[in-house]
Amino acid sequence: MAGSKLVDALVEFLSYTGVDSIPDEIRSRCKITFLDTLGVMIAGGQETEAVRLSRRLIARGEGGNVTALVDSFPLVRLESAALLNGMAVSLLELDQGDWYSCVHPAAQVVPSLMALAEKLRRPGMAFILSFLLGYEVLARLARACRPKEGARSVAVLGPIGAAAATAHLWGFRGDRLKQAINIAANVETPVLIGDLSR
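Residues numbered from 1 in each chain as written. Predicted model: local features only at pLDDT ≥ 70, side-chain atom pairs only at ≥ 80, totals over all residues. Heavy atoms only, no water.

Visitor: Any chance you could break down the pattern of salt bridges for me, citing the residues and the numbers?
Guide: What the rule picks out here adds up to four salt bridges. Here Arg27 ties to Asp24 by a salt bridge, and the two come within 3.4 Å at their closest N and O atoms. Taken as a pair, Arg27 and Asp24 lie in helix H2 (residues 24-44) at a separation of three residues, close to a single helical turn. (Salt bridge = Lys/Arg side-chain N within 4 Å of Asp/Glu carboxyl O. Helix = DSSP H or I, 4+ residues; strand = E, 2+ residues; numbered from the N terminus.)

Dropping the structure here:
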């Protein structure tokens, strides 16, 4: 029951927060955070792992109309652009973090949001608002709860922030927005500290 009330509160926040309610100082900070994340993503996209994956996708016939910020900026499918962008933003471990919540909201939200914004051709302020809302949802959830021992907050909560941002940009409101958040919140995430090899 408490979880349902939380999701309802998130849906209301996402549905009724508009650009006009965001102070100029916050909008400016949001733009700086986005540009910093973009720079990290482009730099990470030149790393060997990102270049290899990008080239593998292209070699198997991957094609599309969304730019992946890796290698030579290939056009790929929406899902592949989100994947490659997400990989690129985290490779150098220079992504922005939130001190209070111990997560990396920008790195979790921007990769998929950028790919979707390009595909939907959304204007800059729509992108900034969705980015800010997804960032806020992720940071607040991470401050309010902690995953089970050994689970990483970014793996468990990151998809919720990304879903909130992309669903908002897509124009989802009400039940459709709630469904997107619920799906992201119920994804099994077996990523435990120490499981990933470098």
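Visitor: Hey, could you go over H2 for me, with residue numbers and the actual values?
Guide: Helix length check: H2, at 21 residues, gives a terminal C-alpha distance of 30 Å against a target of 30 Å (1.5 Å per residue), a fit within 8%. Against the buried residues of H2 lie helix H3 (48-59), helix H4 (78-91), helix H5 (105-120) and helix H6 (124-144). (Expected span 1.5 Å × (residues − 1). Contact = heavy atoms within 4.5 Å.)

Visitor: How would you explain the packing of H5 against H6 if you had to name every residue and give the values?
Guide: It is the contact of H5 with H6, at a shortest axis distance of 9 Å, that shows an interaxial angle of 150°. As for how H5 packs across H6, the hand of that crossing is right-handed. Between H5, through Pro105, Ala106, Gln108, Val109, Val110, Leu113, Met114 and Ala117, and H6, the contact on the second element is made entirely by Phe127, Ser130, Phe131, Gly134, Tyr135, Leu138 and Ala139. Along the lines of polarity and charge, the residues of the contact of H5 with H6 split into twelve nonpolar, three polar and no charged. (Axes fitted to C-alpha atoms, helices over the stretch in contact; angles between N-to-C directions. Left-handed = near helix turned anticlockwise from the far one by under 90°. Nonpolar A, V, L, I, M, F, W, Y, C, P; charged D, E, K, R; others polar.)

Visitor: Summarise unusual backbone geometry; cite the residues concerned and give the values.
Guide: The residue Asp71 is not glycine, and still its phi comes out positive at about 50°. Positionally, Asp71 belongs in the loop between strand S1 (66-67) and strand S2 (75-76). One non-glycine residue, Arg121, lies in positive phi territory at about 55°. Within the fold, Arg121 resides in the loop between H5 and H6.

Visitor: Please set out helix H8 (residues 174-185) residue by residue, giving values where relevant.
Guide: Taking 1.5 Å per residue, twelve residues should reach 16 Å; H8 reaches 17 Å between its end C-alpha atoms and fits that length. Of all the positions in H8, only Leu177, Ala180, Ile181 and Ala184 are classed as buried. Burial along H8 is one-sided: seen end-on, the buried residues are contained in an arc of 95°. Opposite the buried face of H8, by more than 90 degrees, sit the exposed residues Asp175 and Ile183. (Buried < 20%, exposed > 50% of the residue type's maximum accessible area, 1.4 Å probe, protein only. Arc of directions from axis to C-beta.)

Visitor: Pulling in residues and values, what's your account of the nonpolar core?
Guide: Counting residues in each nonpolar core, the largest one holds 55 residues, and the members touching the most others are Phe127, Phe131 and Ile181. Sort the elements by how many residues they give to this core and H6 lands first, with eleven residues. Sequence-distant contacts of Phe131, defined by excluding residues within four places in its chain, comprise Cys30, Thr33, Phe34, Ala106, Val109, Val110 and Leu113. (Core = buried A, V, L, I, M, F, W, Y, C linked by side-chain atoms within 4.5 Å.)

Visitor: Would you mind going over the side chain of Thr37 in detail, with residue names and values included?
Guide: One can find Thr37 in helix H2. In this structure Thr37 comes out as buried when scored by relative accessible area, which is 2%. Apart from the residues within four sequence positions on either side, Thr37 is in contact with Val89, Ala106, Ala107 and Val110.

Purely geometric stuff here, so don't read any function into it on its own.
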